[in-house]
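# Structural overview for review
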Amino acid sequence: MKLLLTSAGIINQAIANALIGLVGKCAEEVKIGFIPTAANVEEGNKDWFISQITNLYRFGFKWIDIVEIVDPIADWKDRLSRVDVTILSGGNTFYLLDTLRQKEFASWFSNNPKVYVGISAGSIVAGPSVDAATIPPADPNITGITDLTGMKLVDFEVEPHCDNARFKVVEEYASTRFNPVYALDDGSAIRVVDDIVDVVSEGEWKLFNPTKDKIKDQAD
């Protein structure tokens, strides 16, 4: 399984290069299925969401299908089966997790492996738990779900959009956890190829509760 778990998407050349390497094609040939579900329940200005799309174009990714998995008419399974990369956008983590469960997305994805790219909420839901989304200021749990088990595509948790102050908050949170916890700024991403995990970064990141022999730093 290949994953690229980001804070803000394909925001710099190092992260773009990592995605190209995972797919094994040049950017112009990569087909992307972009799932906007998590963003659709967020109110207010969506400039951050628009940037997730425009940054893909900025780094040469031009083939993008917007696939809304809650659309009762769209055949999301068929459309995603024809792409190289599935991107889950940022937005409300709890709504995204609840929707993915209803659609049995994790089971489908396991049987139809693509390169998985998470952006913010899309990265959080890939882990064993989305408890990190409860760290103040937390995502509003608009669905009221109480089971915060994630998709378990990876065995670590991710907290995106960190600065120096947030790193300290995440460190305190990690002290209560048994899983490794990554804290990423917007210039960093986690690359996963089967059991090999590394960090691609043009910014800052921290790992708490590391697992021996599974981590290496890769700053391209």
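It should be noted that the structure appears before, not after, this text.
Residues numbered from 1 in each chain as written. Predicted model: local features only at pLDDT ≥ 70, side-chain atom pairs only at ≥ 80, totals over all residues. Heavy atoms only, no water.

### Notes on the packing of aromatic side chains
Two numbers describe a pair of aromatic rings. These are the distance of the centres and the angle of the planes. For the coordinates displayed, the defined rule picks out nine aromatic pairs. Each ring, one from Phe105 and one from Trp108, has its centre 6.0 Å from the other, and the planes form 40 degrees; the classification is tilted. Here Trp108 and Phe105 lie together in helix 5 (residues 105-111), a separation of three residues that amounts to about one turn. On the basis of relative accessible area, Trp108 is assigned to the buried category, the value being 10%. (Phe/Tyr/Trp six-rings, centres within 6.5 Å; stacked < 30°, edge-to-face > 60°. Helix = DSSP H or I, 4+ residues; strand = E, 2+ residues; numbered from the N terminus. Buried < 20%, exposed > 50% of the residue type's maximum accessible area, 1.4 Å probe, protein only.)

### As for unusual backbone geometry
Of note, the bond from Pro136 into Pro137 is cis; its omega dihedral lies within 30 degrees of zero at -5 degrees. Along the chain, Pro137 falls in the loop between helix 6 (121-124) and strand 6 (157-159). Its identity as a non-glycine residue notwithstanding, Glu104 has a phi of 50 degrees, on the positive side. Mapped onto the elements of the fold, Glu104 is located in the loop between helix 4 (93-102) and helix 5. By relative accessible area, Glu104 is classed as exposed at 58%. Unlike most non-glycine residues, Asn209 shows phi in positive territory, near 60 degrees. In this fold, Asn209 is placed in the loop between strand 10 (205-208) and strand 11 (215-217).

### Observations concerning helix 4
By the criterion of burial, helix 4 is predominantly enclosed, with eight of the 10 residues buried. Looking only at helix 4, the buried set comprises Thr93, Phe94, Tyr95, Leu96, Leu97, Asp98, Thr99 and Leu100. Taken together, the buried residues of helix 4 touch strand 4 (85-88), helix 5 and helix 6. In this structure Asn92 caps helix 4, since a side-chain oxygen of it lies 3.1 Å from the backbone nitrogen of Phe94. The first or second residue beyond helix 4 is Glu104, which carries a positive phi of 50 degrees. (Contact = heavy atoms within 4.5 Å. Polar contact = N/O pair within 3.5 Å; in protein donor to acceptor, adjacent residues only side chain to side chain.)

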